[in-house]
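What the coordinates show
For reference, the chains in residue letters:
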Amino acid sequence: MEDALLLTKAQLVEVTGYKQAAKQKEQLAAMGIPFSIKGGEKPVVSREAFLEVLGKKRKAPNATKKAELNLFEINPKVKKENDGAKTEIE
């Protein structure tokens, strides 16, 4: 049951793309995934920490996206003014 709290060796290889412990540590650090060292060499990653970082990376692009309404595309009677405000013309 305790193993379910940690990523498996296969999952570490899948996440980092490396089998070698030194390369895994480099890649985890570059990805911002926290890890500890087991047996003096092998990185150990908690599933909770991994999922937290993964969740932040998935949400990041949408979090900075700004919604815009372009009335000109909706209604051709709307024109753009010099100051960026839009007014309707008849």
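Anything mentioned here points back to the structure above.
My aim in this report is to walk through the structure given alongside it, one point at a time. Predicted model only: the values in this text are computed from it and were never measured.

The rules behind each value
Residues numbered from 1 in each chain as written. Predicted model: local features only at pLDDT ≥ 70, side-chain atom pairs only at ≥ 80, totals over all residues. Heavy atoms only, no water. Buried < 20%, exposed > 50% of the residue type's maximum accessible area, 1.4 Å probe, protein only. Helix = DSSP H or I, 4+ residues; strand = E, 2+ residues; numbered from the N terminus. Arc of directions from axis to C-beta. Axes fitted to C-alpha atoms, helices over the stretch in contact; angles between N-to-C directions. Parallel < 35°, antiparallel > 145°, perpendicular 65-115°, else oblique. Left-handed = near helix turned anticlockwise from the far one by under 90°. Contact = heavy atoms within 4.5 Å. Nonpolar A, V, L, I, M, F, W, Y, C, P; charged D, E, K, R; others polar. Core = buried A, V, L, I, M, F, W, Y, C linked by side-chain atoms within 4.5 Å.

Details of helix α2 (residues 21-31)
Within the span of α2, buried status applies to A21, Q24 and L28. Buried positions in α2, seen along its axis, are confined to an arc of 55° and lie on one side of it. The exposed set on the far side of α2, more than 90 degrees from its buried face, consists of E26, A29 and A30. G32 lies just past α2 and shows a positive phi near 75°.

Re the packing of helix α1 (residues 9-16) against α2
At a closest axis distance of 10 Å, the pairing of α1 and α2 adopts a crossing angle of 60°. Put simply, α1 runs oblique to α2. Two packed elements cross with a definite hand, and for α1 against α2 that hand is left-handed. Counted together, L12, V13, V15 and T16 of α1 and Q24, Q27, L28 and M31 of α2 form the full contact between these two elements. Partitioning the contact of α1 with α2 into residue classes produces five nonpolar, three polar and no charged.

Points about the nonpolar core
One finds L7, L12, L28, I33, V45, F50 and V53 forming the largest nonpolar core, which totals seven residues. Excluding anything up to four places from it in sequence, V45 contacts L5, L6, L7, L12, L28, I33, P34, F35 and F50.

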